[in-house]
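# A structural walkthrough
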Amino acid sequence: MSHRARKRFGQHFLHDRNTIARIVDAIRPEPGDHLVEIGPGQGAITEPLLATGAQLTAVEIDRDLAAALRSQYASHPRFTLIEDDVLKAPLDALQPTPLRLVGNLPYNISTPLIFRLLALPGVVDMHFMLQKEVVDRLVATAGTPAYGRLSVMRAAKATAQSVLKIGPGAFSPPPKVDSAVVRLVPQQPAFQITAPAAFETVVRLAFSARRKTLANGLKSVLTRDQIQASGVDPSARPETIEPAAFAALGEAVAASEQTR
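Summarised in this report is the structure supplied together with it. (Residues numbered from 1 in each chain as written. Predicted model: local features only at pLDDT ≥ 70, side-chain atom pairs only at ≥ 80, totals over all residues. Heavy atoms only, no water.)

### Here we look at the environment of A245
The following threshold applies: Under the DSSP-based scheme used, a helix requires at least four consecutive residues in state H or I and a strand at least two consecutive residues in state E, with every element numbered from the N terminus.
Examined against the element boundaries, A245 turns out to sit in helix α10 (residues 243-258). Separated by 93 residues in the primary sequence, A245 and V152 place their C-alpha atoms 10 Å from one another.

Written as structure tokens, this is what we have:
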């Protein structure tokens, strides 16, 4: 399939056969699985995924690529194509469930897309190819250099594991960064989030001022004493705070708002 990569869609097409085989091996599809492939592009992974006996629903925004995929797999009984923006496509209506999500995500929308997908019901796991820097932040734990807002918000939704590193040469055109495949498994967090909106606010404020102490970064929503009462050190910096502590701070913000 010949196609010029479109910058506005963040397209980088996977072509290295060894890398493709390693990705499919990491996913380990089985007959009867319902895979949802996001951004199939030129179908590099589509064919080997279908060869496993799985049902596959592909979501492609590029109309030329969609037309080529539709033509190539027109008679395939286990292939369905949705031509749409994945940020808007009605993925929550896909049947049958459970779903397994896979794809080479566009770098320019990867973060909002991941959180939209983590909110979908009936998802068993996700295997996404992303910038290695984004994967590092997704899997990071408190106290490590890559730990930040994305790490905390992911911890509230899923477990994360980096399963494969991929160099630029595996793509055409080659991106200017290294890539990696992350495995995300949606699950209830080990900590309770009773005030999700306040939790998000606290995490956003803390990491937008990550060089400041929590007392300074959160002063618009919590006093030093309120932070202390939540069991968190007000003098600590956000990159040292566990996700569960941010949930406790969110509870404090919600309680404070109710008393105003």
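The rest of the description comes next.
### Section: the environment of V177
Under the convention used in this document: Between two residues, a contact is recorded if the distance between any of their heavy atoms is within 4.5 Å.
You can see V177 is positioned in the loop between β8 (171-172) and β9 (179-186). C-alpha separation for the pair V177 and G43, spaced 134 residues apart in sequence, amounts to 22 Å. Leaving out residues up to four positions away in the same chain, V177 has contacts with Y107, Q131 and P168.

### Some points on helix α4 (residues 110-118)
The condition is simple: Think of it in three bands: residues with accessible area under 20% of the maximum for their type are buried, residues over 50% are exposed, and the middle band is partly exposed, with areas taken using a 1.4 Å probe on protein chains only. Note that the arc is computed from the directions linking the helix axis to the C-beta atoms.
Here α4 has its buried residues at S110, L113, I114, L117 and L118. The arc that holds every buried residue of α4, seen down its axis, measures 135°, which confines them to one face. Elements in contact with the buried residues of α4: β2 (34-38), β5 (99-104), β6 (123-131), α5 (132-139), β7 (158-166) and β9.

### Here we look at the side chain of H34
Keep this limit in mind: By the criterion applied in these results, polar contacts are pairs of N or O atoms within 3.5 Å in which, for protein atoms, one can donate a hydrogen and the other can accept it, and in which residues neighboring in sequence qualify only through two side-chain atoms.
Looking at the secondary structure, you find H34 in strand β2. According to the relative accessible area criterion, H34 is buried, its value standing at 3%. Of the polar contacts made by the side chain of H34, one reaches the side chain of T57; its length is 2.9 Å. Here the side chain of H34 touches P96 through a polar contact of 2.8 Å, landing on its backbone oxygen. Those residues in contact with H34 that sit more than four places away from it in its chain are Q55, T57, L94, Q95, P96, P98, L99 and R100.

### A look at the pattern of salt bridges
Pairs may arise between side chains of opposite charge once their charged atoms sit close together. Threshold: In what follows, salt bridge is the name for a side-chain nitrogen of Lys or Arg lying within 4 Å of a carboxyl oxygen of Asp or Glu.
A full pass over the atoms with the stated rule returns 5 salt bridges. Notably, a salt bridge pairs R28 with D25, separated by 3.4 Å at the nearest N-O pair. In this structure D25 comes out as partly exposed when scored by relative accessible area, which is 42%. Between R70 and E83 there is a salt bridge, with the nearest N and O atoms lying 2.8 Å from each other. Of the two residues, R70 is situated in helix α3 (residues 63-72) and E83 in strand β4 (residues 79-83); the sequence distance between them amounts to 13 residues. With a relative accessible area of 40%, R70 lands in the partly exposed category. Ionic contacts of the salt-bridge type, sharing partners, join the residues D33, R100 and D125 into one network.

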